[in-house]
Amino acid sequence: QFQKPEDAIKYRKAAFTVMATHFGRLGAMANGRIPFDAKLAAENADIAAMASKLPFAGFVEGSDKGDTKAKPEVWSDSEKFKAAAAKMQEEMAKLNAAAKTGSQDALKAAFGPVGQACKGCHDNFRKE
Ligand code: ASC
């Protein structure tokens, strides 16, 4: 799938960037930094949910060295890493469903748990 470990690193970073961009827009709408727009929320949530499925294919063996903040635990404790990824994807899917309701309150309620899932993984598996 990837020619070189660097390609896998680039791929997963790009996927995280796309996810964070669209998740960030949902956050801005959830907390009122930008006006709530149900259609825009649904569009951004779709993309964030889709992007949430992508990065983990990039954590291939041998891609622990190079331009990456990934800790060795990604590979040495891979069951836990996979579970953390799955949790994030699950919360992101719930956020997507919430966004589809057209309710800002539903968006707000579903936003926090995704952020917690992001943070949980960063704390355990990402270097400063
Ligand atoms: C974001 C983003 C993250 C998470 C994290 C949550 O919007 O880019 O990495 O939320 O900050 O704690």
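Small disclaimer: the values here were computed from a predicted structure and weren't measured.

Draft legend 1. How the structure looks around the pattern of salt bridges. Going through the model one piece at a time under the given rule, you end up with eight salt bridges. Lys13 is the partner of Asp67 in a salt bridge, and the nearest nitrogen-oxygen pair spans 3.3 Å. One end of the pair, Asp67, is in the loop between helix 2 (38-51) and helix 3 (73-76); the other, Lys13, is in helix 1 (residues 5-30), and 54 residues separate them in sequence. Note on Lys13: relative accessible area 34%, which makes it partly exposed. We note a salt bridge from Asp123 to Lys119, for which the minimum N-O separation is 2.9 Å. In this pair, Asp123 and Lys119 are both assigned in helix 5 (residues 104-125), four residues apart and thus about one turn of the helix distant. A relative accessible area of 47% places Asp123 in the partly exposed class. Taken together, the salt bridges that share partners define one network made up of Lys87, Glu91 and Lys94.

Draft legend 2. Region of the structure containing the site of the ligand. Residues in close proximity to the ligand include Ala20, Phe23, Gly115, Cys118, Lys119 and His122, which together make up its full environment. Contact with the protein chains covers 55% of the free accessible surface of the ligand, which is 310 Å². Elements with a contribution of two residues or more to the shell around the ligand: helix 1 and helix 5. Across the shell around the ligand, the residue classes tally to three nonpolar, two polar and one charged.

The rules behind the values
Residues numbered from 1 in each chain as written. Predicted model: local features only at pLDDT ≥ 70, side-chain atom pairs only at ≥ 80, totals over all residues. Heavy atoms only, no water. Salt bridge = Lys/Arg side-chain N within 4 Å of Asp/Glu carboxyl O. Helix = DSSP H or I, 4+ residues; strand = E, 2+ residues; numbered from the N terminus. Buried < 20%, exposed > 50% of the residue type's maximum accessible area, 1.4 Å probe, protein only. Near = heavy atom within 4 Å. Areas by Shrake-Rupley, 256 points an atom, 1.4 Å probe, with all protein chains shown as cover. Nonpolar A, V, L, I, M, F, W, Y, C, P; charged D, E, K, R; others polar.

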